[in-house]
Amino acid sequence: AQTVTQSQPEMSVQEAETVTLSCTYDTSESDYYLFWYKQPPSRQMILVIRQEAYKQQNATENRFSVNFQKAAKSFSLKISDSQLGDAAMYFCAYRSAQGGSEKLVFGKGTKLTVNP
Amino acid sequence: GAGVSQSPRYKVAKRGQDVALRCDPISGHVSLFWYQQALGQGPEFLTYFQNEAQLDKSGLPSDRFFAERPEGSVSTLKIQRTQQEDSAVYLCASSLAEMNTEAFFGQGTRLTVV
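Residues numbered from 1 in each chain as written. Chains lettered and ligands numbered in written order. Predicted model: local features only at pLDDT ≥ 70, side-chain atom pairs only at ≥ 80, totals over all residues. Heavy atoms only, no water.

Student: Looking at this structure, how should I read the overall build of chain B?
Tutor: If you tally the helices and strands in chain B, you get zero helices and 11 strands. Each helix and strand of chain B, placed in order from N terminus to C terminus, yields the pattern β-β-β-β-β-β-β-β-β-β-β. Computed over C-alpha atoms, the radius of gyration of chain B comes to 13 Å, within 12% of the 13 Å expected from 2.2 N^0.38 for 114 residues, which places it in the range of a compact globule. Residue pairs in contact within chain B that sit at least 24 positions apart in sequence constitute 52% of those at least 6 positions apart. For chain B, the exposed area adds up to about 5,500 Å²; of that, 47% sits on carbon and sulfur atoms. (Helix = DSSP H or I, 4+ residues; strand = E, 2+ residues; numbered from the N terminus. Rg over C-alpha atoms; globule rule 2.2 N^0.38 Å. Contact = heavy atoms within 4.5 Å. Areas by Shrake-Rupley, 256 points an atom, 1.4 Å probe, with all protein chains shown as cover.)

Structural data, given as structure tokens:
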């Protein structure tokens, strides 16, 4: 079974600075998807960024980028120019690319605080 | 509607009571998922539907948990004889059928069993 580990329960960053959230995962599969979700106090999970395992290029979405290291099974999220609205829980998630296995496997999350 | 809608937002149940949680997915979304999120934890998979077919229910913690999606749209998660350990946020998500598509989440139902 796949597992996702987020080793940082809490992180903090100054507004306008850069922060990196860590995520490692364990799988025997070669093809899969990785995601970072943001969960504000409203509880709604919002997709921040995703990465297909077959792509070597790291995904980027505006201020959000990932460092995907397939051999090391590492998938960190970098938030540049942090804003107060970035404060939330961040979850790393894994999904198999095999048909019939569309469920997401989540880590325990990292609480990000942004200080003004 | 524009997004995934869940109701009620909050539910307080006495131990032993039955509850029903509703999920209204995005129109046209074939896949529907239920997750359970305990306090301070990440969501954990409960069950998955493709249209009205329940293709995976491996995450349901006991036979007190039952989910249905009879017409392939709205889904209901039912918990019978609720226990304190059932207290959690129940999240519903929906997506299109293709593998490489985003799952959209609702705001969840917070269930508290007293």
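Anyway, onward from the coordinates.
Student: Please explain the nonpolar core as it appears in this structure.
Tutor: Nonpolar side chains tend toward joint burial in soluble globular proteins. Of all hydrophobic cores here, the largest spans 26 residues; its most connected members are Tyr25, Trp36, Phe75, Leu77 and Tyr90 of chain A. Elements represented by at least two residues in this core include exactly strand 3 (19–21), strand 5 (32–39), strand 6 (46–52), strand 8 (64–69), strand 9 (74–79), strand 10 (88–96) and strand 12 (110–115) of chain A. By size, the runner-up hydrophobic cluster in this structure holds 20 residues, among which are Ala13, Ile26, Leu46 and Cys92 of chain B. (Core = buried A, V, L, I, M, F, W, Y, C linked by side-chain atoms within 4.5 Å. Buried < 20%, exposed > 50% of the residue type's maximum accessible area, 1.4 Å probe, protein only.)

Student: What am I meant to see in the interface of chain A and chain B here?
Tutor: Interface size, as often reported, equals the accessible area lost upon joining of the parts. Listed per partner, the contact involves 21 residues of chain A and 30 residues of chain B. If you sort the residues of chain A by the area they bury against chain B, Arg43, Glu102 and Lys103 of chain A come out on top, with a joint share of 35%. Joining chain A to chain B, the criterion identifies zero salt bridges. Along the contact surface separating chain A from chain B lie seven residue pairs in polar contact (both at pLDDT 80 or more). (Buried area = accessible area lost by both parts, 1.4 Å probe. Salt bridge = Lys/Arg side-chain N within 4 Å of Asp/Glu carboxyl O. Polar contact = N/O pair within 3.5 Å; in protein donor to acceptor, adjacent residues only side chain to side chain.)

Student: Is there a simple way to explain the pattern of salt bridges in this structure?
Tutor: Close approach of charged atoms lets side chains of opposite charge pair. All names here are of chain B. Following the criterion strictly, the structure yields seven salt bridges over all chains and no others. Note that Asp86 is salt-bridged to Arg64, the shortest N-O span being 2.8 Å. Highlighted residues: Asp86 in the loop between strand 8 (75–79) and strand 9 (88–95) and Arg64 in the loop between strand 6 (53–56) and strand 7 (65–68), separated in sequence by 22 residues. The shortest N-O distance in the salt bridge between Lys78 and Glu68 comes to 3.3 Å. Here Lys78 is found in strand 8, whereas its partner Glu68 is found in strand 7, with 10 residues between them in sequence. Given the relative accessible area of 32%, Lys78 is considered partly exposed.

Such coordinate-based values are descriptive only and should not be taken to indicate function.
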